[in-house]
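Structural description and commentary
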Amino acid sequence: ALLSRSGRTRQIALALFGRLATQESPFVLVSGLQDPDPAVRAAACGWLDPANDLAGRRLLFTAVNDPFEFVRAAAYRRLILSGNEDQRREAEAGVKDDGINVRIAVLGAWAQSSDLPRRRRMALVGMADRDPLVQVAALDALPGEGTGPDALKGVEDVPDYRVKDAVRRARARLAPQTP
């Protein structure tokens, strides 16, 4: 199935190896990162366990070097949501990726992170981005806990209505909660 001409069949085969989690699984999944079909490479990113040293290194290489934005985004997401501090530190670079869609996806992954100081720092980097959709993703990633309203100063005057709406949502999260 891994040698099938159908990319979908190869994706399914990778998913089976990911679910089986045998000793050979990491090697098969890492080989999926070399597939000519970017959808198969993105699927491999989703199944790789960053805790495996080889898988973690290959994910990082893919996150930085794959020509397709959605593959880089999938690799960054997997690294961000891993428990490995070194990998998460390396994944911070995704907030400054050349691709707008990668930056948006990376900020979405940081929004799910329980590492509030790093999540806040990545959101602030994203809020300084020139693209309004990246700014929206950054504002949505900004944690309410431990973040002051002054964090919104750089985006409050952005004329884009989507950013204005995201600022309103962020302001509601940052407002002190009354019992």
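That block above? That's the structure.
Scope of this entry: the structure provided in the associated data block. (Residues numbered from 1 in each chain as written. Predicted model: local features only at pLDDT ≥ 70, side-chain atom pairs only at ≥ 80, totals over all residues. Heavy atoms only, no water.)

1. Here's the deal with the overall build of the chain
Here is the rule we go by: To qualify as a helix, a DSSP run of H or I must reach at least 4 residues; to qualify as a strand, a run of E must reach at least 2; elements of each kind are numbered from the N terminus. Exposure is judged per residue with a 1.4 Å probe applied to protein chains only, and the accessible area is read against the type maximum: over 50% gives exposed, under 20% gives buried, and values in between give partly exposed. Between two residues, a contact is recorded if the distance between any of their heavy atoms is within 4.5 Å. For the area figures, the Shrake-Rupley method with a 1.4 Å probe applies, and any residue is considered shielded solely by the protein chains shown.
When its secondary structure is counted, the chain shows 10 helices and zero strands. Beginning at the N terminus, the succession of helices and strands in the chain can be written as α-α-α-α-α-α-α-α-α-α. Based on the C-alpha atoms only, the size of the chain along its principal axes is roughly 55 × 30 × 25 Å. Residues classed as buried in the chain amount to 47% of the 179 residues present. Considering only intrachain contacts with a sequence separation of at least 6, the fraction spanning at least 24 residues in the chain is 53%. When the accessible surface of the chain is split by element, carbon and sulfur atoms take 55% of a total near 9700 Å².

2. Quick look at the nonpolar core
Spelled out, the test is: By nonpolar core is meant a set of buried Ala, Val, Leu, Ile, Met, Phe, Trp, Tyr and Cys residues that side-chain atoms within 4.5 Å join together.
Of all hydrophobic cores here, the largest spans 45 residues; its most connected members are Leu139 and Leu152. Taken together, the elements giving at least two residues each to this core come down to helix H2 (25–32), helix H3 (38–47), helix H4 (53–65), helix H5 (69–80), helix H7 (100–111), helix H8 (116–127), helix H9 (132–141) and helix H10 (161–174). The residues contacting leucine 139, other than those within four sequence positions of it, are Met127, Leu152, Val155, Val163, Ala166, Val167, Ala170 and Arg173.

3. Notes on the packing of helix H1 (residues 7–20) against H2
As a reminder, the rule being used: Axis definition: a line fitted to C-alpha atoms, over the contacting stretch in the case of helices. Angles run 0 to 180 degrees between N-to-C directions. By the definition adopted for this analysis, an angle is roughly parallel if under 35 degrees, roughly antiparallel if over 145, roughly perpendicular if from 65 to 115, and oblique otherwise. Crossing handedness follows the turn of the near helix against the far one: under a right angle anticlockwise gives a left-handed crossing, and clockwise gives a right-handed one.
For the pair H1 and H2, interaxial distance at closest approach is 9 Å and the crossing angle is 150°. With respect to their mutual orientation, H1 and H2 come out roughly antiparallel. Seen from above, H1 lies across H2 with left-handed handedness. Seen from H1, the contacting residues are Leu14, Phe17, Gly18 and Leu20; seen from H2, they are Ser25, Val28, Leu29 and Gly32.

4. Comments concerning the environment of methionine 122
Within the secondary structure layout, methionine 122 lies in helix H8. Residue methionine 122 is classed as buried on the basis of its relative accessible area, which comes to 4%. C-alpha separation for the pair methionine 122 and alanine 111, spaced 11 residues apart in sequence, amounts to 9.3 Å. Apart from the residues within four sequence positions on either side, methionine 122 is in contact with Glu92, Val95, Leu107 and Trp110.

5. Quick notes on the packing of H8 against H9
How we decide: Amino acid classes used here: Ala, Val, Leu, Ile, Met, Phe, Trp, Tyr, Cys and Pro are nonpolar; Asp, Glu, Lys and Arg are charged; the rest, including Gly, are polar.
Two elements in contact, H8 and H9, have axes separated by 8 Å at closest approach and are oriented at 155°. Considering the angle they form, H8 stands roughly antiparallel to H9. Crossing angle aside, the handedness with which H8 passes H9 is left-handed. Only Val134, Gln135, Ala138, Leu139 and Ala141 of H9 make contact with H8, whose side of the interface consists of Arg119, Ala123, Gly126 and Met127. Residue composition of the contact of H8 with H9, by class: six nonpolar, two polar and one charged.

6. So, the pattern of salt bridges
As a reminder of what qualifies: Take a side-chain nitrogen of Lys or Arg and a carboxyl oxygen of Asp or Glu: if they are within 4 Å of each other, that pair is a salt bridge.
The full count for this structure, using the stated rule, is 16 salt bridges. With a shortest N-O distance of 2.8 Å, aspartate 97 and arginine 72 are connected by a salt bridge. Of this pair, aspartate 97 sits in the loop between helix H6 (85–91) and H7 while arginine 72 is found in helix H5, placing the two residues 25 residues apart along the sequence. Here the two residues aspartate 97 and arginine 72 agree in accessibility, since each one is buried. In this structure, arginine 169 engages aspartate 165 in a salt bridge whose closest nitrogen and oxygen atoms are separated by 2.7 Å. With arginine 169 and aspartate 165 both in helix H10 and four residues apart, the pair spans about one turn of that helix. Taking relative accessible area as the criterion, aspartate 165 reaches 31% and is therefore assigned partly exposed.

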